[in-house]
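Chain by chain, the residues:
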Amino acid sequence: MGITLPLLQRVQPEPPTGVRCAVRFPLHLPARIIALGKEFEAMTENISASGVLFKLDEVLPVNTPVEFLVEVSADALNGHSTAAFHCLGRIVRSYRQSDGAYGAAVIDEYCFQ
Amino acid sequence: MAELDQELNQQSAPGFLDETSPDMREAAREPSGKPAIRMLLADSQAIYRVGIRKVFALEDDIRVVAQAESLPALHSAIQRYPSDVLLIEGALIVSTTNAIPEIMRLAPDIKVIVQATADESNTVELYRRGVRGIVPRSISPDLLVKCVRKIAGGETWIDNQSVNWVIEAYRSQAAQLTSPKTQPRLSPKELAIIACITQGKRNKEIAYQLGTSEQVIKNYLRKIYDKLGVSDRLELALYCLHHQLHKKAAEAGINPEALSEMQSSNGLPRS
């Protein structure tokens, strides 16, 4: 269980010296989240340079540290090999709606795979 | 008047950097024992610096620990005198695009107040770069003191008009980044580099693949970021996925491998 990934060229987002106006892109990409010692399958609802909104089966408590991998299919890259970005972050908002559970995570570090 | 003349003459020396005496620095505490707000003052006009110092001299909780007449003198002051708040004349930074980021780099915890005229693009850009407050040169002493206290306490000083400008700038940036109708034109080379970024390649790998140097790739990336209005690699990759730039590049017959081969076969110098 768990994703063991080499930490290649970890990047931390720029420190918040200015107004953070990260735009949210409405991208629906599969993701795997590791939190609370378990792995969860999720789908992104939207992604920005500073965070991600996930839809998943379980509500993750706020402030839960998370590690997640967002996968980019070969089709999205027009036939090139798949890609992914691996992130470390924490849950800052979570709620349940009729169609499932949602969790918003900030990205503290990321690297491309 | 003689005292004012003397002070003005002293402060008119080029690159003037005033140091407070060690006694004053030691005394930088309020009567209650709480540390006073340490202020740096940067203004090209000596008479203005004198006036501002006199305003804050009346306050128990604010100490002007140093003042500077120019940007180089300010950089020196920032490094020598730890400060909480910087009050800087807008004219000192108007011709230097990275003046505020450089100040933030030297003192990440310092809170910057700029004295500038109200202007939408200037205001938005200053707040975007991390300024905590913008005040007019004609601000009253009482209001300036209140501004310094609020900002030292962690608040942002912004008037209603500026709030509207900043929110509007955020809305139009978001619309521009996500709208398919406002995509800037990208050259084949730029598209090839973007394709590599989204595949997770590092600058060195991209440079090798495209037959160029890492510095050239960095230069291209800087241009691409500015063109698309994105802030980093991740945002660039997200932008590309959202706008399906890979499909568009493929339709135009552009891919990194083909571009590299094309340059070789045409005997073109590798850029």
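Since the structure is predicted, the reported quantities are computational estimates derived from the model, not experimental observations. What you see as residue numbers is a count from 1 along each chain, following the sequence as written. Starting at A for chains and at 1 for ligands, labels are handed out in the order in which the entities are written. Thresholds applied to this predicted model are a pLDDT of at least 70 for local features of residues and 80 or more for the giving and counting of side-chain atom pairs; totals over whole chains, interfaces and linings are not thresholded and use all residues. Side-chain measures were taken over the full set of non-hydrogen atoms in the model, leaving aside hydrogen atoms and water.

1. Considerations on the overall build of chain A
Counted only if it meets this: In this description a helix means any DSSP run of H or I spanning at least four residues, a strand means any run of E spanning at least two, and both kinds are numbered starting from the N terminus. Only protein chains enter the area calculation, which uses a 1.4 Å probe; residues under 20% of their type maximum are buried, those over 50% are exposed, and those in between are partly exposed. The contact rule is simple, with two residues in contact once any of their heavy atoms fall within 4.5 Å. Per-residue accessibility takes into account occlusion by the displayed protein chains alone, with areas from the Shrake-Rupley method and a 1.4 Å probe.
In terms of regular secondary structure, chain A is built from 0 helices and 6 strands. Mapped in sequence order, the helices and strands of chain A form the string β-β-β-β-β-β. The buried share of chain A, taken over its 113 residues, is 44%. In chain A, 55% of the contacts between residues at least 6 apart in sequence involve partners at least 24 apart. For chain A, the exposed area adds up to about 5,600 Å²; of that, 52% sits on carbon and sulfur atoms.

2. Observations regarding the overall build of chain B
Looking only at helices and strands, chain B has 15 helices and 6 strands in total. Residue pairs in contact within chain B that sit at least 24 positions apart in sequence constitute 69% of those at least 6 positions apart.

3. Topic: the sheet that holds strand S3 (residues 51–56) of chain A
Quick reminder of the rule: For two strands to be treated as a pair, DSSP must find at least two bridges joining them. In this analysis, axes come from line fits to C-alpha atoms, helices being fitted only over the stretch in contact, and the angle between any two N-to-C directions falls in the range 0 to 180 degrees.
Around the barrel, which closes on itself, the 6 strands sit in the order S1-S2-S3-S6-S5-S4 (chain A) with antiparallel pairing between neighbours. Each neighbouring strand pair of the sheet contributes to a mean axis angle of 45 degrees, computed without reference to strand direction. Pairing geometry for strand S5 (residues 83–97) of chain A and strand S6 (residues 100–112) of chain A, over 12 bridges, is antiparallel. From the neighbouring strand, Phe 85 of chain A faces S6 of chain A, where its bridge partner is Phe 112 of chain A. Across the face of the sheet, helix H13 (residues 233–243) of chain B comes into contact with strand S2 (38–47), strand S4 (65–72), S5 and S6 of chain A while running at roughly 125 degrees to S6 of chain A.

4. Some details on the packing of helix H10 (residues 188–198) of chain B against H13 of chain B
Residues and elements named next belong to chain B. Threshold: What sets the label is the angle itself: under 35 degrees gives roughly parallel, over 145 gives roughly antiparallel, 65 to 115 gives roughly perpendicular, and the rest give oblique. Asp, Glu, Lys and Arg are counted as charged, while Ala, Val, Leu, Ile, Met, Phe, Trp, Tyr, Cys and Pro are counted as nonpolar; the rest, among them Gly, fall into the polar class.
For the pair H10 and H13, interaxial distance at closest approach is 9 Å and the crossing angle is 105 degrees. If you check the angle between H10 and H13, you find them roughly perpendicular. Where H10 abuts H13, its residues Ile 194, Ile 197 and Thr 198 lie against Arg 233, Leu 236, Ala 237, Cys 240 and Leu 241. Considering only residue class, the contact of H10 with H13 consists of 6 nonpolar, 1 polar and 1 charged.

5. Description of helix H11 (residues 203–210) of chain B
Residues and elements named next belong to chain B. What counts here: Along the arc lie the directions from the helix axis toward the C-beta atoms.
Looking at H11, one finds that the buried residues are Asn 203, Ile 206, Ala 207, Gln 209 and Leu 210. Seen along its axis, H11 keeps its buried residues to an arc of 165 degrees; they face one direction. Facing away from the buried side of H11 by more than 90 degrees, the exposed set consists of Lys 204 and Tyr 208. Gly 211 sits one or two residues past H11 and shows a positive phi near 70 degrees.

6. Overview of the nonpolar core
Worth spelling out the cut-off: Only buried residues count toward a nonpolar core, which is a set of Ala, Val, Leu, Ile, Met, Phe, Trp, Tyr and Cys residues joined through side-chain atoms within 4.5 Å.
Among the nonpolar cores identified, the biggest contains 51 residues, and Ile 33, Phe 54, Phe 68 and Phe 85 of chain A together with Leu 236 of chain B are the most heavily contacted of them. A per-element tally of this core places H13 of chain B first, with 7 residues. By size, the runner-up hydrophobic cluster in this structure holds 32 residues, among which are Ala 73, Leu 86, Ile 100 and Val 166 of chain B.

7. Let's talk about helix H6 (residues 99–106) of chain B
Residue and element names in this part refer to chain B. Of all the positions in H6, only Ala 99, Ile 100, Ile 103 and Met 104 are classed as buried. Taken end-on, H6 shows its buried residues confined to a sector of 135 degrees, consistent with a single buried face. Where H6 is buried, its residues touch helix H4 (71–80), strand S4 (85–89), helix H5 (90–93), strand S5 (111–115) and helix H7 (120–129).

8. Points about unusual backbone geometry
The phi torsion at Leu 36 of chain A lies on the positive side, around 55 degrees, for a residue other than glycine. Within the fold, Leu 36 of chain A resides in the loop between strand S1 (30–35) and S2.

9. Observations regarding the state of the cysteines
So the rule is basically this: Disulfide: a pair of cysteine sulfur atoms within 2.5 Å of each other.
Inspection of every chain in the model, using the stated rule, returns 0 disulfides over all chains. Cys 87 of chain A carries a free sulfur, and the closest cysteine sulfur to it, the one in Cys 111 of chain A, is 7.8 Å from it.

10. Structural notes on the packing of aromatic side chains
Put simply, the rule is: Under the pairing criterion, centres of Phe, Tyr and Trp rings, with the six-membered ring standing for Trp, must be within 6.5 Å; the plane angle then separates stacked pairs below 30 degrees from edge-to-face pairs above 60, leaving the rest tilted. By definition, being over a ring means that NZ of Lys or CZ of Arg is both within 6 Å of the ring centre and within 35 degrees of the ring normal.
For the structure on display, the rule yields 5 aromatic pairs over all chains. Taking 6.5 Å as the distance between ring centres and 85 degrees as the angle between the ring planes, the aromatic pair formed by Phe 25 of chain A and Tyr 239 of chain B counts as edge-to-face. Of this pair, Phe 25 of chain A sits in the segment before S1 while Tyr 239 of chain B sits in helix H13, on two different chains. Taking relative accessible area as the criterion, Phe 25 of chain A reaches 0% and is therefore assigned buried. Given the relative accessible area of 1%, Tyr 239 of chain B is considered buried. Taken together, a centroid distance of 5.3 Å and an interplanar angle of 15 degrees make the contact between Tyr 95 of chain A and Tyr 102 of chain A stacked. Assessed through its relative accessible area of 26%, Tyr 95 of chain A is described here as partly exposed. The ring of Tyr 48 of chain B has Arg 137 of chain B lying over it, and the distance from NZ or CZ to the ring centre is 3.8 Å.

11. Side note on the pattern of salt bridges
Residues and elements named next belong to chain B. Condition: Any carboxyl oxygen of Asp or Glu within 4 Å of a side-chain nitrogen of Lys or Arg constitutes a salt bridge here.
One pass over the full model with this rule turns up 16 salt bridges over all chains. In this structure, Glu 125 and Arg 128 form a salt bridge, with 3.3 Å as the shortest nitrogen-oxygen distance. Within this pair, Glu 125 and its partner Arg 128 are both found in helix H7, separated by 3 residues, close to a single helical turn. Of the charged contacts in the structure, one is a salt bridge between Glu 190 and Lys 227, with a shortest N-O distance of 2.8 Å. On the criterion of sequence distance, the pair formed by Glu 190 in helix H10 and Lys 227 in helix H12 (residues 214–228) is long-range, its members being 37 residues apart. Taking the relative accessible area as the measure of exposure, Glu 190 reaches 2% and is therefore buried. Through salt bridges with shared partners, a single network forms among Asp 43, Glu 89 and Arg 137.

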